Amino acid sequence: MLITTRQGRKVEVNDDYTVDQHWEHFTAEEHDRWDRLYARQCEMLEGRACDEFIEGTHLLKLSDGGIPNFIELSERLKALTGWTVVAVPDLVPDEVFFDHLANRRFPAGNFIRSESELDYLQEPDVFHDVFGHVPLLANPVFADYMEAYGKGGQRAMGRGVLKNLARLYWYTVEFGLINTPRGMRIYGAGILSSKAESIFSLDDKSPNRIHFDLKRLMQTDYRIDDFQQTYWVIDSFEELLGATYQDFGPLYDALEASKTVHAPDVVLPDDTVHHKGSQAYANAGGRLAKAAS
Ligand code: HBI
Ligand code: FE
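Since the model is a prediction, treat every value here as computed from it, not as a measurement.

S.K.: It is not clear to me how the site of ligand 1 should be interpreted in this structure. Could you clarify?
M.R.: Near ligand 1 you find V88, D90, L91, V92, D94, F97, F98, Y149, A166 and Y169, and these make up its full shell. Contact distances for ligand 1 include 3.4 Å between a nitrogen atom and a backbone N or O atom of D90. The separation between an oxygen atom of ligand 1 and a polar side-chain atom of D94 is 2.9 Å. Considered on its own, ligand 1 offers 390 Å² of accessible surface; in the complex 86% of this is hidden by protein. Listing elements by their share of the shell around ligand 1, those giving two or more residues are α4 (94-102) and α7 (162-174). Broken down by element, the residue count for the shell around ligand 1 peaks at 3 residues, all from α4.

S.K.: Sorry if this is basic, but what is going on with the pattern of salt bridges here?
M.R.: A side chain with one charge can pair with a side chain of the opposite charge if their charged atoms come near. Summed over all chains, the structure comprises 18 salt bridges. One salt bridge in this structure joins E29 and R33, with 2.5 Å as the shortest N-O distance. Note that E29 and R33 are positioned in helix α1 (residues 28-44) at a spacing of 4 residues, about one turn of the helix. R182 is paired through a salt bridge with D51; the nearest N and O atoms lie 2.7 Å apart. In this pair, R182 sits in the loop between β5 (177-180) and β6 (183-186) while D51 sits in helix α2 (residues 51-59), placing the two residues 131 residues apart along the sequence. Residue classification places D51 among the partly exposed positions, given a relative accessible area of 46%.

Cut-offs used in this document
- Residues numbered from 1 in each chain as written.
- Chains lettered and ligands numbered in written order.
- Predicted model: local features only at pLDDT ≥ 70, side-chain atom pairs only at ≥ 80, totals over all residues.
- Heavy atoms only, no water.
- Near = heavy atom within 4 Å.
- Polar contact = N/O pair within 3.5 Å; in protein donor to acceptor, adjacent residues only side chain to side chain.
- Areas by Shrake-Rupley, 256 points an atom, 1.4 Å probe, with all protein chains shown as cover.
- Helix = DSSP H or I, 4+ residues; strand = E, 2+ residues; numbered from the N terminus.
- Salt bridge = Lys/Arg side-chain N within 4 Å of Asp/Glu carboxyl O.
- Buried < 20%, exposed > 50% of the residue type's maximum accessible area, 1.4 Å probe, protein only.

Put into structure tokens, the structure is as follows:
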């Protein structure tokens, strides 16, 4: 089927929106860009990324250099947790995305960001998806969580609570933090693949850091254009997976009934607060203000 990507490219895709990665088409310059992004982010993540992420990059040999070939990467990953990586040209429709996750297939971008987008891009390119998301799929508990999320999303499709599910994905899989005996660490792919947010999310006094509460974060809006104003903290991946074992039915009933939506920066009386942020960064205009300064 022919689709038009959000960048306006016309692409022939399979019914499940996958394409061949055509790994042989990547140029030496693109492989070199991956290597520079990889080296810089690994250096940045010393003492910041959770151990399970670092372990995943080693188990999957991502440090071998160059943009990973999804066929070889999937062979290694499948042997560990049954997941494979499939190439897609852009974001795919929610129901397609959930079906891939529910079947342990992770859709990853088949392109790499341009030199001018090295530090920030909105589209999920191969660096965001494979460096940010794939290493944790080698962790059995997180791998189970991602499949459970896909199945939860499929159940949510007909219930009008998709927005709540998207917030769960955003505040855990993309921007989640985890407590460890040696301090707070990053597990969210959106932070792991971002140089500046790897620092901001842990060190800056501006954002809130609140303990994971499934219903609360499902009712809290998020930022797509700038650093998060609240990060949600878990104590373990078992805690995250455990949250998906409840019967989502009553939860969806409550979410449908309440229609409550909290702004991204609020702190509520019942929150377990690790850090109450000043919101100084957001109040000063965030990324755009910084760029203008
Ligand atoms: N498609 N390729 C791709 N990658 C994503 O992360 C993605 C998507 N489609 C929908 C989506 N994420 C979000 O809406 C999820 O919260 C469901
Ligand atoms: Fe992502």
